[in-house]
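# Tertiary structure, described
What follows is the residue order along each chain.
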Amino acid sequence: MTTATIHSYVPKTAKERPEMPIRHMDFQFDAKELDDTFFRNTELASAYFEALSIFLTFGEDLVIDTARYHRQFVKDPELKRLVTALIGQEAIHSKMHNEFNDVLAQHRYPVGLYRFLADKVFEHGFKKLSNRMQLSLMAGIEHFTAVLAEYMMKHEDIFYESLDEKQRALWMWHMLEESEHKDVAYDVFQELSGDYALRMRGFALAAFTITFLIPVAASLIPVMRKPRNLLSPSYWRDVKRSLAVLAGPEEGVFGSTIKHILDYTRRDFHPSDHDTSAYLEYYKEKLLNPKTGLLAPYLTKEFVPAKRA
């Protein structure tokens, strides 16, 4: 298969970009510490993020393969360097979430079943797409993770409603790095293709996955773990609250960010239109300060990839 025709594309952020370190983490997750109502003290909304954790490892592996394939066609040496950093960050994300998912499995989460299903969907579905479509899908997925990261950065208090420190560190670290590399996949797509219709097809497929397939999988988790939930009034109250924190128009994860999500459909859209530089500066200090940073106990090493010819 061949890649798309290369076009001359200059990102809106023409100045030298900030560094994107590849950070190696070791969270040493402990099954005894897991809070299964980590997100806003809800069972179903928390299950969405647990399902996301399981399935995103496959999505990240697809991003890695897609980015690695298309890196050879990128002409801009700075962008090529950032693609290498993107690959490194996503590889560590996949590794850490797989370790976290192993802990979920010890709490009756259907990790084995969902891994089996995800493997089939990716092997016989997403990986059968053309290289051009996989690149578009990668850009679409990265848009959704950027939206989610910005939401989380703006609602820091959510992470402190639970005492599960390691799950907090996992998601805040992931949030930070998704925001760091939010424009890389998009810039690669624009440089190598720039086809608006193709970009919209990738966006639609990403939206279908993140706002339909994963919620369906998440909705089954509380019942599979605790069948009695079907007859429990307290669980159905949890469902009502979970839907509000996920889809509510004021503060819901996706309900309050719908304009940001749909902003991707603008022909002149660019991820940098949503400036998160101040948040990144704040969270790098909060998370990575060697003495006080939340991630300091778990960060084992970091490095910045060099430019490639």
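Quick notes on the rules
- Residues numbered from 1 in each chain as written.
- Predicted model: local features only at pLDDT ≥ 70, side-chain atom pairs only at ≥ 80, totals over all residues.
- Heavy atoms only, no water.
- Helix = DSSP H or I, 4+ residues; strand = E, 2+ residues; numbered from the N terminus.
- Contact = heavy atoms within 4.5 Å.
- 1 Å grid on protein atoms, 1.4 Å probe; cavity = no way out; pocket = protein on both sides within 12 Å on 5 of 7 lines; lining within 4 Å.
- Points joined across faces, edges and corners; volume = space filled by probe spheres on them.
- Nonpolar A, V, L, I, M, F, W, Y, C, P; charged D, E, K, R; others polar.
- Core = buried A, V, L, I, M, F, W, Y, C linked by side-chain atoms within 4.5 Å.
- Buried < 20%, exposed > 50% of the residue type's maximum accessible area, 1.4 Å probe, protein only.
- Expected span 1.5 Å × (residues − 1).
- Arc of directions from axis to C-beta.

A few words now on the environment of Val253. Structurally, the position occupied by Val253 is in the loop between α8 (233-247) and α9 (258-262). For the pair Val253 and Tyr151, spaced 102 residues apart in sequence, the C-alpha separation works out to 6.8 Å. In this structure, Val253 is in contact with Phe39, Phe49, Leu148, Tyr151, Val245 and Leu246, ignoring residues within four places of it in sequence.

Among the secondary structure elements, Asp183 is positioned in the loop between α5 (165-180) and α6 (184-192). Along the chain, Asp183 and Val245 lie 62 residues apart, while their C-alpha atoms are 27 Å from each other.

Let us now look at empty space enclosed by the protein. Under the definition given, this model contains three cavities of 30 Å³ or more. Quantified by volume, the largest cavity comes out at close to 90 Å³. Taken together, Ala139, Glu142, His143, Ala146, Glu150, Lys182, Tyr186, His260, Tyr264, Phe269, Pro271 and His274 make up the full set of residues lining the largest cavity. Here the element with the most residues in the lining of the largest cavity is helix α4 (residues 131-154); it accounts for five residues. For the lining of the largest cavity, the class distribution of residues is six nonpolar, three polar and three charged. Contributing to the lining of the second largest cavity are Phe29, Asp30, Glu33, Leu34, Phe100, Val103, Asp164, Lys166 and Gln167. Each residue belonging to the lining of the second largest cavity can be placed in one class, and the counts come to four nonpolar, one polar and four charged.

This part is about the nonpolar core. Burial of nonpolar side chains together is a common tendency in soluble globular proteins. Phe27, Tyr48 and Phe49 are the most contacted members of the largest nonpolar core, which totals 94 residues. Not counting chain neighbours up to four residues away, the residues in contact with Tyr48 comprise Ile210, Ile214, Pro215, Ala218, Leu246 and Phe254.

With that settled, consider α8. The terminal C-alpha atoms of α8 lie 21 Å apart, and with 15 residues this matches the ideal 21 Å at 1.5 Å per residue to within 8%. All of the buried residues in α8 are Tyr235, Asp238, Val239, Ser242, Val245 and Leu246. Down the axis, α8 shows its buried residues gathered within 135 degrees of arc, on one side only. Projecting away from the buried face of α8 at angles above 90 degrees are the exposed residues Pro233, Arg237, Lys240 and Ala247. In this structure, the buried side of α8 is in contact with α1 (44-71), α4 and α7 (196-225).

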